[in-house]
Amino acid sequence: MDAWIWGAVVLALVLVTAGGIAWWLARGCVLTRVGATGAIFGGVLSLIALVVLLDPEAGLRAAAVITIGSGVWLLAWALAGGIRGQRLLRAEERADAASGVAVTVAGPTPAPGR
């Protein structure tokens, strides 16, 4: 049973780490930050369930449900944030193209006269 508990602890810590990385990579995207906050909260709650509950089986069950739910929560909100970001980028590119502004891709600039 100890191996199961340590496995649950490791998964909860991985979830907290994934939430922290998602928060760091979000760069102001509210949707992704909602998912990251839920993942961090869920990972900590899972650790608390493992420590507080007296029955190890009940603690493992609660930790598993919370960890899976928080992982799905993070995935769903991160995907929603990515989809929203892609839509905003495409709309911005269309607006720039319609206004006649030249959209350039970052790269080497050709020498004058070429």
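To be clear, the structure that these remarks concern was listed above.
Parameters and conventions
Residues numbered from 1 in each chain as written. Predicted model: local features only at pLDDT ≥ 70, side-chain atom pairs only at ≥ 80, totals over all residues. Heavy atoms only, no water. Helix = DSSP H or I, 4+ residues; strand = E, 2+ residues; numbered from the N terminus. Buried < 20%, exposed > 50% of the residue type's maximum accessible area, 1.4 Å probe, protein only. Contact = heavy atoms within 4.5 Å. Phe/Tyr/Trp six-rings, centres within 6.5 Å; stacked < 30°, edge-to-face > 60°. Lys NZ or Arg CZ within 6 Å of the ring centre and 35° of its normal. 1 Å grid on protein atoms, 1.4 Å probe; cavity = no way out; pocket = protein on both sides within 12 Å on 5 of 7 lines; lining within 4 Å. Points joined across faces, edges and corners; volume = space filled by probe spheres on them. Axes fitted to C-alpha atoms, helices over the stretch in contact; angles between N-to-C directions. Parallel < 35°, antiparallel > 145°, perpendicular 65-115°, else oblique. Nonpolar A, V, L, I, M, F, W, Y, C, P; charged D, E, K, R; others polar.

(A) Representation of the overall build of the protein chain within the structure. Each helix and strand in the protein chain was counted, giving three helices and zero strands. Looking at the protein chain as a whole, 22% of its 114 residues are labelled buried. Considering only contacts in the protein chain between residues 6 or more positions apart, those separated by 24 or more positions represent 66%.

(B) Region of the structure containing the packing of aromatic side chains. Taken as a whole, this structure holds one aromatic pair when the rule is applied. Relative to Trp-77, the ring of Trp-73 lies with its centre 5.5 Å away and its plane at 50 degrees, an arrangement referred to as tilted. One end of the pair, Trp-73, and the other, Trp-77, are both in helix α3 (residues 56-99), four residues apart, so they sit about a helical turn from each other. The positively charged end of Arg-33 is found above the aromatic ring belonging to Trp-23, 4.5 Å away from the centroid.

(C) View of the layout of surface pockets. Size it by volume and the largest pocket reaches roughly 160 Å³. Lining the largest pocket are Trp-4, Gly-7, Ala-8, Leu-11, Ser-46, Leu-60, Ala-63, Ala-64, Thr-67 and Ile-68. Mapped onto the lining of the largest pocket, the elements with two or more residues apiece are α1 (2-26) and α3. Sort the elements by how many residues they give to the lining of the largest pocket and α3 lands first, with five residues.

(D) Molecular detail of the environment of Leu-75. Mapped onto the secondary structure, Leu-75 falls in helix α3. Given a relative accessible area of 52%, Leu-75 falls into the exposed group. Along the chain, Leu-75 and Ala-39 lie 36 residues apart, while their C-alpha atoms are 9.2 Å from each other.

(E) Seen up close, the environment of Ala-22. Within the secondary structure layout, Ala-22 lies in helix α1. In sequence terms Ala-22 and Gly-35 are 13 residues apart; their C-alpha atoms lie 8.1 Å from each other. Those residues in contact with Ala-22 that sit more than four places away from it in its chain are Thr-32, Ala-36 and Leu-74.

(F) Representation of the side chain of Ser-70. Here Ser-70 lies in helix α3. By relative accessible area, which is 8% here, Ser-70 ends up buried. The contacts of Ser-70, once residues within four sequence positions are left out, are Leu-15, Gly-38, Ala-39, Gly-42 and Gly-43.

(G) Layout of the packing of helix α2 (residues 30-52) against α3. Interhelical geometry of α2 versus α3 gives an angle of 170 degrees and a closest axis separation of 7 Å. As summarised for this structure, α2 and α3 are arranged roughly antiparallel, according to the angle between their axes. Looking at the contact of α2 with α3 residue by residue, the class counts come to 16 nonpolar, 10 polar and one charged.

Function cannot be inferred from these measures alone, as they are strictly geometric.
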